[in-house]
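Coordinates in review
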Amino acid sequence: MKGKGLVKFFAIALAIICLIELLPTIYVNLLESRAEKNSKGDETKRKAEIEKLAKDTLNLGIVKMDYQSAKEKEIKLGLDLKGGLNLLLEISEKDLLVDLADNTENPVFNKAIEIASSEASTSNNTFTQNFFKAFQKAKQELGQPDLKLSSPEIFGTKELSGVIQHNTSDSEVEKYITSSIESKVSNAIDIIRTRITKLKIDEPNISRVPGTGRILVELPGVTDTDRVKNLLQTSARLEFWEVVEKSSAWNMLTYINLKAADKQLMGKLIQAPNSTAVALAKLSDTATINRIINSDKAKNILRYNKLLWSSEPDSNNLLELYAIKGTRNNKAPLVGAVSDAQLTFDQFNRIQIAMQMGPESSIEWKKLTEKNAPKPGEPSGKPIAVVLDDIVYTAPVVNSVIPNGQSVISGNYSEQKASDLVDVLKAGNLPAKANILQSEVVGPTLGQQSITNGLISILVSYIFILIWMVFYYGKAGIYANIALVINLFYLIGIMASWGSVLTLPGIAGIVLSMAMAVDANIIIFERIKEELRKGKPLKQAFIEGQKHALAAIIDGNLTTLIVGCVLLFSTGPIKGFAVTLVIGIFCTLFTAIFITGMLIYGAMEKGQQFSLTTKFTKNWFTNVNYKWMEKRKLAYIFSLILMVVALISIFTKGFDKGVDYTGGRTYVIKLNKEIHPEVVSESLEKIFTVGGESSNINAKQYGGKDQLRITTKYGLGDNNPNIDLSIREKLYTGLKEYLPKGYSKEEFINGSPYGIQSSSEVGPTVASGIVKNGIIAVSIALAGIFIYILVRFKNWQMSTGAVVALFHDAVIVMGAFSVLSWLKIIPFSVEIDQSFIAAILTIIGYSINDTVIVFDRIRENKNLNLARSMTLEELYNDAINHTLGRTINTGISTIMVTVIIFLFGGESLQGFMFALFLGFTFGMYSSIYIASSLSYDLTRRTYDQAKAKLKESVL
């Protein structure tokens, strides 16, 4: 074997590098396992034990590490394995633009904001870029073509007068505003990072989504998710507003009840006694009230005034509703820049937050308190509401002028809540509120279960592949298995060196990579067997077989790599799948071509003789002479029927769309009784119906008969920070009968052992973006594959056949999901979500791999058949018959792996694996009866013409 020494050197060097990269993970796990054993389940003792063990240092000469340095370098587990909170935040560029324009009421500006908002979900540009384009359009529509961005009514404000003059060009204004927003978003990331540091969370990951105002936050191990969400969302931008007099405010509510609420509002409100608030309401009624008071009719009645809730419910679970005296430009009389904040206690030992304002704010605060302090003869002053992100934290009555910039927030707060607020104020204010576009919460119980399921699926799949290779190829299979073990070691080592995060889909990617790695060995072994059947000695057969197999292996893996690279641009768990798939492809090429070859060649050099079959498989798929092309028309009819049924179902019944595509919330809930999802859906629908409007709540069995997956659009787009709590309360109320007697709401929310195991939320903006990105990803993959085959095979007929076959496979899988979604005959989810798009792309990658192997043999046959002695039909049949052993072998390996992961990988992967099972099965079929058959039909005429010309030239 040429280059054997170089292969050995590279293999050993790579193994040493991988071992060094994996050492921190091994070392950390050994220490933590020892600490777990010594602490006997006591968390406090476990931490103390780790601190003690962390003082030791591992010294292996070339490698030195302690616990802390090793912890930073270990393979990180994704939130689906470790449990925790995943958030996609967005610093609203819209709010930043409005703020920079000083809340202008200019109709052109507001029209441009409206246009940019409508384009937000479909455009690849930033909101700011869309705004500037929309501004030019709005000028024309509203008949103000000469209006400039530097106008005092737009960005030529007093605050920006130092940089934007009346004669500043639009392009210069655009450049400055874009730069200013970019700076504010970057600053927001630093502020969020500072806030997370205060939480003392291990291994947080904070990163900005390139080209947007979005920030991805991953916080493993977090259990108090509400606390973290509130801490990260809060802008820390305190506003001080005057409050509408109580009797006038109550009259406004009464008028709204008559004119905008069909008399449904007042029945849900209680007049607030002994408070500066106007009313009280149950937490569970806030969604209904919000829908009324935020309606256009109610806003017309309120004019510039607004209604805001208090931050915390009282002991009776009631929230206070405040009537805030608005201003024409919706700007608070005072926006306080807090220079310091401290947690203190009042004379009754109640928690309060003492704040000190900066110099400029102190002057304005004095003016505002002077205006609202009691005048001579008045018994008391007027209240001023302290507002943070449209939430009223306190609204004390002003008893005297406050000249020194001091103020206090008091209320019914726990010490932790008050301490968090102090930390937020000290960390600095965000330039705008951070809206949560998407969130996912995985409980530690579900995370541990995912680890167990993942390990079982890896173990069972691996054992199956190892046994199958030995069963089919005998001693050669043992060498392939050794290379497979080395492949896995390299894959995990490279993942560790890249700092990749291991997720549940990532584990699926590892297992699938192993199944596809077997394919390369199968291709080589099948070609060697062909050479042996020609009577060549083993050594020569090995050299010839490997040489002939090389093109097929490279072509097959490169087409799969195209799909893997497209998947790399996704986010979240699917990216983990893509990373393992891409790394796996490169490891496969090296281990299958070089490591297996080196092992077999080494055995032959030692004089060892062995066959590539066993007594059971000796004659399998030999001398196959099936006339595949004769049956192609029947296959066309069969495929056409399936595709017509699939397309009818897709366009008439549609899909069971997950929240990834519709927006909404999902909860996985474990109960202690067997449940009937239809009954649960019906009872929950009554609880979640708002004003006669359905919340589209849907409950499905998820895993066992005592576990549900509930989705709802209730509260979608509602920025009320208490909406999550309200939903969980309603779920608890609706599912209480399925819980143990006396099981509390807090236990239900924490999900141990029963209750909410995981939850996720996807906003409407993100959902529409996912749809668009999914379509783009599939289109790019198909285009890339078409171009690759066209260039590689120099044959448009093959490119067309391949892409039509891929389209065929995708449509049938999509159709199956559509049909099964309305038949409702299977016990697992067939929702269309991000994982489904990843499955379609993986199917495309696998199917094209299968097709390319056949095409490679067709090309080889054509090159050997230059004299046109074989008919085109014979040429195609021969190519398929010669690759049939590889097709069946690889098919069994990959399909069985999908079945194993489906059975053992856990509920979250079942839909994904079911799609792969269907796709891989039809991929085997379509590589013969769609791709090859269509290529044959498109090539027949030109082939026959060339054959006729050849005959003429001979004559």
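Residues numbered from 1 in each chain as written. Predicted model: local features only at pLDDT ≥ 70, side-chain atom pairs only at ≥ 80, totals over all residues. Heavy atoms only, no water.

As recorded in an unreviewed UniProt entry, the protein goes by Multifunctional fusion protein and comes from Apibacter muscae. Per its UniProt entry, the protein bears the Subcellular location (unreviewed entry) comment "Cell membrane". On record in UniProt, under Function (unreviewed entry), the comment for the protein is "Part of the Sec protein translocase complex. Interacts with the SecYEG preprotein conducting channel. SecDF uses the proton motive force (PMF) to complete protein translocation after the ATP-dependent function of SecA." (UniProt positions renumbered as here; feature names shortened; annotations may be inferred.)

What follows concerns the overall build of the protein. Scanning the protein from N- to C-terminus turns up 29 helices and 23 strands. The long-range share in the protein, meaning contacts at least 24 apart out of those at least 6 apart in sequence, stands at 75%. Accessible surface, the protein as shown: approximately 43400 Å² in total, 57% of it carbon and sulfur. (Helix = DSSP H or I, 4+ residues; strand = E, 2+ residues; numbered from the N terminus. Contact = heavy atoms within 4.5 Å. Areas by Shrake-Rupley, 256 points an atom, 1.4 Å probe, with all protein chains shown as cover.)

Right, let's talk about unusual backbone geometry for a bit. Here the phi dihedral of Asn103 falls at roughly 50°; this positive angle occurs in a residue that is not glycine. If you trace the backbone, Asn103 turns up in the loop between helix H5 (93–100) and helix H6 (107–119).

Counting residues in hydrophobic clusters, the biggest one holds 134 residues, and the most contacted among them are Phe525, Ile789, Leu841 and Ile844. Take this core: its biggest share by element is 18 residues, from helix H19 (residues 573–605). Here this core spans two domains, since at least three of its residues come from each of domain 1 (4–74) and domain 4 (443–649 + 768–948). (Core = buried A, V, L, I, M, F, W, Y, C linked by side-chain atoms within 4.5 Å. Buried < 20%, exposed > 50% of the residue type's maximum accessible area, 1.4 Å probe, protein only. Domains from an automatic or database assignment.)

What follows concerns the pairing of strand E11 (residues 318–324). Among the seven residues that make up E11, six are buried, leaving the element largely enclosed by the rest of the structure. Note: strand E9 (residues 279–282) against E11, four bridges, orientation antiparallel. By the bridge assignment for E11, Ala281 is matched with Leu319. (Pairing = 2+ DSSP bridges.)

Overall, the coordinates contain 28 aromatic pairs when judged by the stated rule. Seen in terms of ring centroids, Phe817 and Phe914 are 5.9 Å apart; in terms of plane orientation they differ by 40°. Their pairing is tilted. Within this pair, whereas Phe817 is found in helix H26 (residues 796–823), its partner Phe914 is found in helix H29 (residues 910–954), the two being separated by 97 residues in sequence. Summarising the burial analysis for this pair, Phe817 and Phe914 share the class buried. One Lys or Arg, Lys653, reaches over the ring of Trp822 and ends 5.3 Å from the middle of that ring. (Phe/Tyr/Trp six-rings, centres within 6.5 Å; stacked < 30°, edge-to-face > 60°. Lys NZ or Arg CZ within 6 Å of the ring centre and 35° of its normal.)

In this structure, Gly493 sits in helix H16 (residues 475–498). Between the C-alpha atoms of Gly493 and Leu14, which are 479 residues apart in sequence, the distance is 9.0 Å. Not counting residues within four places of it along the chain, the set of residues in contact with Gly493 comprises Cys18, Glu21 and Leu22.

This paragraph deals with the pattern of salt bridges. Pairing between side chains of opposite charge can happen when the charged atoms of each approach one another. Evaluated as defined, the whole model comprises 15 salt bridges. Across the salt bridge formed by Lys367 and Glu364, the nearest N and O atoms sit 3.7 Å from each other. A residue pair is termed a helical-turn pair when its members lie 3 or 4 positions apart in one helix, as Lys367 and Glu364 do in helix H13 (residues 359–372) at three residues. Linking Asp937 and Arg940 is a salt bridge whose minimum nitrogen-to-oxygen distance equals 3.7 Å. In this pair, Asp937 and Arg940 are both assigned in helix H29, three residues apart and thus about one turn of the helix distant. Several salt bridges share partner residues, and in doing so they unite Arg632, Asp937 and Arg940 into one network. (Salt bridge = Lys/Arg side-chain N within 4 Å of Asp/Glu carboxyl O.)

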